[in-house]
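Now for the letters of each chain:
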Amino acid sequence: MITPYATRLLKGDDLRHSLLEFIQLKKIQSGSLLTGVGCLSQAKIRLANEQKILHLDGPLEIISLSGTLTPKHVHIHISVADGEGRVYGGHLVPGCIVSYTAELCMIEYNNLNFECEYDYQTGFDELVILKRN
């Protein structure tokens, strides 16, 4: 009921954009990003419950990367560490640029469809889970 996927991104790739492009290319309807490792030359991270975007210059090591995948939207959380070992985390937004490589492992749920709809209570696009016929 699941299909595994893996991909490797290269220097200069935008992490979020490349991940969404991969999802669309493979026609993944519902999935999870299980793990991601690699390095970034810069990062843009939306902080928890905020509109504020944290801008970080690298080199940065990806410590964790996980989330849900839909055909039109990826909801990914990221943590990165700088050269001093300080860790920053939040929501992955466009502008996280791969410096050397990034390795991503995902799965697709073959019995579900994921969609995102605006939720007036949270003020964000939120996951809608549907059974696949």
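Per chain, the residues get numbers from 1 upward, laid out in the order the sequence is written. A pLDDT threshold of at least 70 governs which residues receive local features in this predicted model, and a stricter bar of 80 or more applies before side-chain atom pairs are shown or counted, although totals over entire chains, interfaces and linings include all residues. Heavy atoms from the whole structure form the basis of all side-chain values; hydrogens and water molecules are not counted.

### Looking at the overall build of the chain
Segments assigned H or I by DSSP are reported as helices when at least four residues long, segments assigned E as strands when at least two residues long, and all are numbered from the N terminus. The helix and strand inventory of the chain stands at one helix and eight strands. Beginning at the N terminus, the succession of helices and strands in the chain can be written as β-α-β-β-β-β-β-β-β. The C-alpha atoms of the chain give a radius of gyration of 15 Å, which matches the 14 Å a tight globule of 133 residues would have. Note on classification: 1.4 Å probe, protein chains only; a residue is buried when its accessible area is under 20% of the maximum for its type, exposed when over 50%, partly exposed between these limits. Sorting the 133 residues of the chain into buried and exposed places 40% on the buried side. Throughout, a contact is declared for two residues whenever any of their heavy atoms are within 4.5 Å. Taking as baseline every contact in the chain between residues at least 6 positions apart, the subset at least 24 positions apart corresponds to 63%. Total accessible area computed for the chain in this model is approximately 7800 Å², and 53% of it derives from carbon and sulfur atoms. Residues scored as charged are limited to Lys and Arg (positive) and Asp and Glu (negative), so that His and the chain ends carry no count. Charge positions come from single atoms, namely NZ of Lys, CZ of Arg, CG of Asp or CD of Glu. In the chain, which carries 12 positive and 15 negative side-chain charges, the distance between the mean positions of the two groups comes to 4 Å. For a compact globule the rule gives 2.2 Å times the number of residues to the power 0.38, and the radius of gyration it is set against comes from C-alpha atoms. Only the protein chains shown count as cover for residues, and all accessible areas are computed by the Shrake-Rupley method using a 1.4 Å probe.

### Remarks on the nonpolar core
We call a set of buried residues a nonpolar core when its members are Ala, Val, Leu, Ile, Met, Phe, Trp, Tyr or Cys and they connect through side-chain atoms within 4.5 Å of each other. Residues Leu-15, Leu-19, Leu-40 and Met-106 are the most contacted members of the largest nonpolar core, which totals 28 residues. Broken down by secondary-structure element, the contributors of at least two residues to this core are β1 (2–10), α1 (15–26), β2 (31–46), β3 (53–69), β4 (74–81) and β6 (97–109). Element by element, the count of residues in this core is highest for β3, at six residues. Excluding anything up to four places from it in sequence, Leu-40 contacts Leu-15, Gly-58, Pro-59, Leu-60, Ile-62, Ile-78, Val-80, Cys-96, Ile-97, Val-98 and Ser-99.

### Examining the pattern of salt bridges
Whenever a carboxyl oxygen of Asp or Glu lies within 4 Å of a side-chain nitrogen of Lys or Arg, that contact is scored as a salt bridge. One pass over the structure, following the stated rule, counts two salt bridges. One salt bridge in this structure joins Arg-132 and Glu-108, with 3.6 Å as the shortest N-O distance. Of this pair, Arg-132 sits in the segment after β8 (124–131) while Glu-108 sits in strand β6, and the two are 24 residues apart along the sequence. The class for Arg-132 is partly exposed, based on a relative accessible area of 29%. Glu-108 gets classed as buried once you look at its relative accessible area, which sits at 6%.

### Some details on the environment of Glu-126
Within the fold, Glu-126 resides in strand β8. Its relative accessible area of 25% is what places Glu-126 among the partly exposed residues. Sequence separation between Glu-126 and His-75 is 51 residues, and the spatial gap between their C-alpha atoms is 8.8 Å. Contacts of Glu-126, omitting those with residues within four sequence positions, involve Glu-115, Cys-116, Glu-117 and Asp-119.

### Comments concerning the packing of aromatic side chains
Ring pairs shown here join Phe, Tyr and Trp side chains whose ring centres sit within 6.5 Å, with only the six-membered ring taken for Trp; geometry is labelled stacked below 30 degrees between planes, edge-to-face above 60, and tilted in between. Inspection of every chain in the model, using the stated rule, returns three aromatic pairs. Taking 6.0 Å as the distance between ring centres and 85° as the angle between the ring planes, the aromatic pair formed by Tyr-5 and Phe-22 counts as edge-to-face. One end of the pair, Tyr-5, is in strand β1; the other, Phe-22, is in helix α1, with 17 residues separating them in the sequence. Summarising the burial analysis for this pair, Tyr-5 and Phe-22 share the class buried.

### A short note on the state of the cysteines
Note on terminology: pairs of cysteine sulfur atoms within 2.5 Å are recorded as disulfides. In the structure shown here, the tally under the stated rule is zero disulfides. Cys-39 forms no disulfide, and the closest cysteine sulfur to it belongs to Cys-96, at a distance of 13 Å.

### Comments concerning the UniProt feature "domain: PPC" (unreviewed entry) in the chain
UniProt positions are given in the numbering used here, feature names are shortened, and annotations may be inferred rather than shown by experiment. Using the residue numbers shown here, the UniProt feature "domain: PPC" (unreviewed entry) corresponds to residues 1–130. Taken end to end, residues 1–130 has its terminal C-alpha atoms 15 Å apart, with 9% of it in helix and 65% in strand.

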